[in-house]
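# What the coordinates show
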Amino acid sequence: MDSFLFSVSGTDASTAARAGTFSTPHGDISTPMFMPVGTRATVKGVTPDQLRQIGAEVVLANTYHLFLRPGSDLIGEAGGLHSFMGWDRPILTDSGGFQVFSLADTLKLTDDGVEFRSIVDGARHFWTPEDNMAIQEQLGADIIMQLDQCPPYPAEKPFVATAVRRSAEWAARCKAAQRRGDQALFGIVQGGVFEDLRAESVARLTEIGFPGYGIGGYSVGEPHDLMLASLAPVTELLPADRPRYLMGVGNPTTMLEAIALGVDLFDCVLPTRTARTGTAFSSEGRMNLKNARYARDFGPLDPACTCPVCATYTRAYIRHLVTVKEMLAATLLSIHNLHVLIDLARRGRAAIEEGRYGEFLAAWRSGPGADDY
């Protein structure tokens, strides 16, 4: 695991924010960093070259979906995800556990593993933690995630406590089953919004020991304030010399608040999913490009944005594309929305290194767009 080193290059005096670098076999990841989601080995509507252009250093892919189609064996035969999708920078694969547990009406769960029904053809599959590791090793990502049980919100405390126990036991089995030394296996903290269960989960995982830690079980319907309140003790307990990854969060305001609590990595489908509905992120909040007010607006999506879309295209043109349902609309809005989050994290990193992240966050909170996310 010498290939996976995390170093902190700067901290903020008024918050727990930190700037760092996580080294992988396919390059360094500067933190804090937002990671675009490429569920099926592609970020929808965006090419690898376009991702590089906007500063993406790492992308995600999903084990569940790739296991079903085209199959992890095929991707392994192709040389792994990097070769298969034409991306030469770091890749992270989620275990697919979230997708499996979202199919609650079709799964059967035991301590040994989980049986689920395919959304593609209805076939039944059974995964143990060991199976999941073997699949992710075929996919060949730089960062892989343990198979865990992600409880919904709301959920009774005994149910969440069982998920914490089972996830920790599965984490140990995943680590024991790991065979490739060129993949960093992250454990995943669970516990819902229960502070004592979150602390128990951290204690169990850090006793096992991992090169990084995911923080799961959020963005499943819990109130924003409750999420941040239960997140703060988690980051305080996690090792300072390991990256912390808040899974499934891509709201600009939430991302900045979590950075202040010491989170390093983020991912979410939000920027590309909203792009496909004609919505743009901006420094003034969300913009619905279907709105008639943009029909003759020849300014950029966001005058404060430095992305290639804002440098080239107007609101009027993109609204036209949205209105006539041209696929270029989703591509341009996806590039823009992803750039907003990647650049926001980059500017946050600069503020941390200059010791002014508290001021940076305060300026965002008082800005016109903060409450719109």
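Preceding this section is the structure that the text describes.
In what follows, the accompanying structure is described. (Residues numbered from 1 in each chain as written. Predicted model: local features only at pLDDT ≥ 70, side-chain atom pairs only at ≥ 80, totals over all residues. Heavy atoms only, no water.)

### What to know about the packing of aromatic side chains
Overall, the coordinates contain 10 aromatic pairs when judged by the stated rule. The cationic tip of lysine 175 hangs over the ring face of phenylalanine 210; the distance from NZ or CZ to the ring centre is 5.8 Å. Positioned above the aromatic ring of tyrosine 218 is the side chain of arginine 198, whose terminal nitrogen or guanidinium carbon lies 4.1 Å from the ring centre. (Phe/Tyr/Trp six-rings, centres within 6.5 Å; stacked < 30°, edge-to-face > 60°. Lys NZ or Arg CZ within 6 Å of the ring centre and 35° of its normal.)

### A short note on the sheet that holds strand E2 (residues 18-24)
Pairing is antiparallel across the open sheet formed by three strands, whose spatial order is E1-E2-E3. At either margin of the open sheet sits one strand with a lone partner, and together these are strand E1 (6-11) and strand E3 (27-31). Looking at each pair of strands side by side, their axes are set apart by 20 degrees on average, direction ignored. For E2 and E3, the ladder comprises five bridges, and the chain directions are antiparallel. Across the sheet, residue serine 23 finds its bridge partner in E3, namely aspartate 28. Packing of helix H14 (residues 327-353) onto the sheet brings it into contact with E1, E2 and E3, and relative to E2 it is tilted by some 120 degrees. (Pairing = 2+ DSSP bridges. Helix = DSSP H or I, 4+ residues; strand = E, 2+ residues; numbered from the N terminus. Axes fitted to C-alpha atoms, helices over the stretch in contact; angles between N-to-C directions. Contact = heavy atoms within 4.5 Å.)

### Let's talk about the nonpolar core
In this structure, Leu81, Leu246, Phe266, Leu289, Leu301 and Tyr357 are the most contacted members of the largest nonpolar core, which totals 92 residues. Per-element tally for this core: the top contributor is H14, with 12 residues. Contacts of phenylalanine 266, omitting those with residues within four sequence positions, involve Met33, Phe34, Met35, Tyr245, Leu246, Val249, Met255, Ala258 and Ile259. Leu92, Tyr245, Met247 and Leu265 belong to the second-largest nonpolar core, a separate cluster that totals 18 residues. (Core = buried A, V, L, I, M, F, W, Y, C linked by side-chain atoms within 4.5 Å. Buried < 20%, exposed > 50% of the residue type's maximum accessible area, 1.4 Å probe, protein only.)

### Digging into the sheet that holds strand E9 (residues 124-127)
Spatially, E7-E8-E9 is the arrangement adopted by the three strands of the open sheet, whose pairing is antiparallel. Looking along the sheet, the strands with just one partner apiece sit at the ends: strand E7 (108-109) and E9.

### Overview of the packing of helix H10 (residues 252-260) against H14
Across the interface, H10 lies against H14 with an axial gap of 11 Å and an inter-helix angle of 25 degrees. Here H10 is positioned roughly parallel relative to H14, judged by the angle of their axes. For H10 against H14, the interelement crossing comes out right-handed. For the pair formed by H10 and H14, the contact residues are Pro252, Met255, Leu256 and Ile259 on the first element and Leu341, Leu344, Ala345 and Ile352 on the second. Residue composition of the contact of H10 with H14, grouped by class: eight nonpolar, no polar and no charged. (Parallel < 35°, antiparallel > 145°, perpendicular 65-115°, else oblique. Left-handed = near helix turned anticlockwise from the far one by under 90°. Nonpolar A, V, L, I, M, F, W, Y, C, P; charged D, E, K, R; others polar.)

### Description of the side chain of arginine 349
Looking at the element boundaries, arginine 349 is found in helix H14. Within polar-contact distance, the side chain of arginine 349 engages the backbone oxygen of glycine 20 at 2.6 Å. (Polar contact = N/O pair within 3.5 Å; in protein donor to acceptor, adjacent residues only side chain to side chain.)

### Quick word on helix H13 (residues 315-323)
Those residues of H13 that sit buried are Arg315, Ala316, Ile318, Arg319, Leu321 and Val322. Tucked into the core, H13 has its buried residues touching strand E16 (287-288), helix H12 (308-312) and H14. Directly after H13, the chain includes lysine 325, whose backbone phi takes a positive value near 60 degrees.

### Section: the environment of valine 193
With respect to the element layout, valine 193 can be found in the loop between strand E11 (184-189) and helix H8 (195-208). By relative accessible area, valine 193 is classed as partly exposed at 22%. Once the C-alpha coordinates of valine 193 and serine 219 are considered, the two residues, 26 residues apart in sequence, prove to be 11 Å apart. Beyond its immediate sequence surroundings of up to four residues, valine 193 is in contact with Tyr153, Glu222, Leu226 and Ser230.

### A closer look at the environment of serine 118
Of note, serine 118 is situated in the loop between strand E8 (114-117) and E9. C-alpha of serine 118 to C-alpha of leucine 103: the two residues are 15 residues apart in sequence and 9.5 Å apart in space. A polar side-chain atom of serine 118 sits 2.9 Å from the main-chain amide nitrogen of valine 120.

### Some remarks on helix H9 (residues 224-237)
In a regular helix each residue adds 1.5 Å, so 14 residues correspond to 20 Å; H9 covers 21 Å between its end C-alpha atoms and thus fits that length. Every buried residue belonging to H9 is among Met227, Leu228, Ser230, Leu231, Ala232, Pro233, Val234 and Thr235, and all of these are buried. (Expected span 1.5 Å × (residues − 1).)

So far we have only geometry, and geometry alone does not tell us how the molecule works.
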